[in-house]
Amino acid sequence: MRTLHQLETFYQQQQEKFGQILFKQVRAQGSTPREATFPSKHTKYRVFGPKCEEPSSMIMLGPPAAELSAGHREMGPEKSLKPRGGRRKLSRSDHWAPEQDAAYFHSYAHVGIHEEMIKDRVRTETYRNAIFQHADLIKDKVVVDVGCGTGILSIFCAYAGARKVYAVDASEIAIQAREVVKANGLSDTVIVLVGRIEEVQIDEEVDIIVSEWMGYMLLYESMLSSVIYARDRWLKPGGIILPSHATLYLAPITNVERYAESIDFWRNVYGIDMSAMLPLAKQCSFEEPCVESITAENVMSWPVQVKHIDCSTVTVQELESVTSNFSVPSMMTASLHGFALWFDVIFVGSTSSPSDTHSESSMDSSLSGGLNGNGVLQKSKRAKTLNQIMLSTAPEESPTHWQQTVLYIYDPIEVRQDQQISGSITMSQSRENPRFLNIHLEYKCGGRCYVKETVMR
């Protein structure tokens, strides 16, 4: 996962080239040049009255949202800022544009992105430990690594005794991966295939699939669809997928420091009243989901499970739109500043039952320490079942490059301890670019209902 600065720099360089490609394509279809420009962004934030029926006030940021046939609101043209290495195209009927994906995969040829991911010790060491812990299941077996990047996970599998590893990546980084494999004397074991998983040729069934497919708030970038494709095409009955399960969580948060730094700053700037900047500051700071690190002290309630995924059974259709309701009492008296999302993944071989795995992933111990004397959530260790390894991006755990994803609200809401915070969240793949997520958040607190719509780009 790359930093926002790296991505913005790259896309500034790619925007003109990508726009020209789209212009040629759209012009050939007889559409207007306007449709070929690189996408822009906007968000709508609405406040509803006490009965949640008629809007009592509305703040519009950008042009009105386009209505979708399914009844959702699409946030209009969108701009890619944060791609992760992944690929999705289970059927030719899917609406992926070749030029769109070409620019996406090309961005992952940059070594800096892979350096950042490999230097994430929580991520890399957890994968290494999980692979070595399952060495008895990997030994003399065939593995496919979906989205291999530099090939590090493929090499771990080779060290664990795999007979053959197919390392697949559509980015040109796979060319370097082939050299890395050669330098480590593993060319006979690790076969690097440059191309999309949906297009490469593998002439045998595989026993194990390994992939680091998780995006921001788990589902961003839709790479899990490529794992599903590999599973349905090559994985033997009873085969293993690592990680095996994933769970996405949501919780309300307070973050006074962040709000003061980004918003309250404008109230008095060197003795000058610059509060006229506040609406623009709120839009620029909180319009889109924010990928940043929070702590357990920021979390106001027990987390709610948004989506649990069993990688052995999940379907592509399940991932197109995910909806979850929530209703939690606040554990503290504080200002509600938004909602945070994070995820866990676990690595379980075929010896563990899915029911045991599900109960562990969905347990409310994601922040299981309770409150200390100051009303702050304390960190505590999760109970681990035998032979289970977990990679967590929860606020209480060691930081990762995924951090947490925060949906900030523009105006804080004062919440009392034990006051209920309820609502729902829907995350849907964008029609314009399925790697993006349209987010529809409804929440109710203190007798009023609110709606925020945004896009994870």
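As the structure is a computational prediction, the values presented were derived from the model and not from experiment. Throughout this document, residue positions are counted from 1 along each chain, in the order its sequence is written. Selection of residues for local features in this predicted model requires a pLDDT of at least 70, selection of side-chain atom pairs for listing and counting requires 80 or more, and totals for whole chains, interfaces and linings are taken over all residues. The basis for the side-chain values is all heavy atoms of the structure; hydrogens and waters are excluded.

**Section: the environment of Thr295**
Elements are defined by DSSP. Helices are runs of H or I of four residues or more, strands are runs of E of two residues or more, and each kind is numbered from the N terminus. Its place among the elements puts Thr295 in the loop between strand E11 (290-292) and strand E12 (304-310). Sequence separation of Thr295 and Pro395 is 100 residues, and the distance between their C-alpha atoms is 4.8 Å.

**Considering the packing of helix H4 (residues 121-133) against helix H6 (residues 152-159)**
Every axis corresponds to a line fitted to the C-alpha atoms, with the helix fit spanning only the stretch in contact, and the corresponding angles, defined between N-to-C directions, vary from 0 to 180 degrees. Here H4 crosses H6 at 25°, and the two axes come no closer than 9 Å. Judged on the interaxial angle alone, H6 and H4 are roughly parallel. In the packing of H4 onto H6, the handedness of the crossing is right-handed. Counting all contacts with H4, which are made through Thr124, Tyr127, Arg128, Ile131 and Phe132, the residues of H6 involved are Ile152, Leu153, Phe156, Cys157 and Tyr159. Three categories are distinguished: nonpolar for Ala, Val, Leu, Ile, Met, Phe, Trp, Tyr, Cys and Pro, charged for Asp, Glu, Lys and Arg, and polar for the others, with Gly belonging to the last. Of the residues contributing to the contact of H4 with H6, the split by class is eight nonpolar, one polar and one charged. Working rule for angles: under 35 degrees goes down as roughly parallel, over 145 as roughly antiparallel, 65 to 115 as roughly perpendicular, anything else as oblique. In this scheme, a crossing is called left-handed if the near helix is turned counterclockwise away from the far one by less than a right angle; it is called right-handed if the turn is clockwise. Two residues form a contact once any of their heavy atoms are found within 4.5 Å.

**A word on H4**
One fewer than the residue count of a helix, multiplied by 1.5 Å, yields its expected span. Relative to the 18 Å expected for 13 residues at 1.5 Å per residue, H4 spans 17 Å between its end C-alpha atoms, a close match to the ideal helical length. Burial classification: accessible surface area is computed with a 1.4 Å probe over protein chains only, and a residue below 20% of its type maximum counts as buried, one above 50% as exposed, and the rest as partly exposed. The set of residues buried in H4 consists of Arg123, Thr124, Thr126, Tyr127, Ala130 and Ile131. Along the long axis of H4, the arc covered by the buried residues comes to 165°, so they all point the same way. Here a polar contact means two N or O atoms within 3.5 Å. Within protein one must be a hydrogen donor candidate and the other an acceptor candidate, and residues neighboring in sequence count only if both atoms are side-chain atoms. For H4, the capping residue at the N-terminal end is Asp120, with a side-chain oxygen 3.3 Å from the backbone nitrogen of Val122. It is the directions from the helix axis to the C-beta atoms that the arc portrays.

**Regarding the pairing of strand E5 (residues 142-146)**
The element E5 is largely enclosed, with a buried count of five among its five residues. Burial along E5 is two-sided: Val142, Val144 and Val146 and Val143 and Asp145, pointing in opposite directions, are all buried. A pair of strands is considered paired only if DSSP assigns at least 2 bridges between the two. Judged from the four bridges that link them, E5 and strand E8 (residues 206-211) form a sheet pairing that is parallel. Paired with Asp145 across the strands is Val210, a residue of E8.

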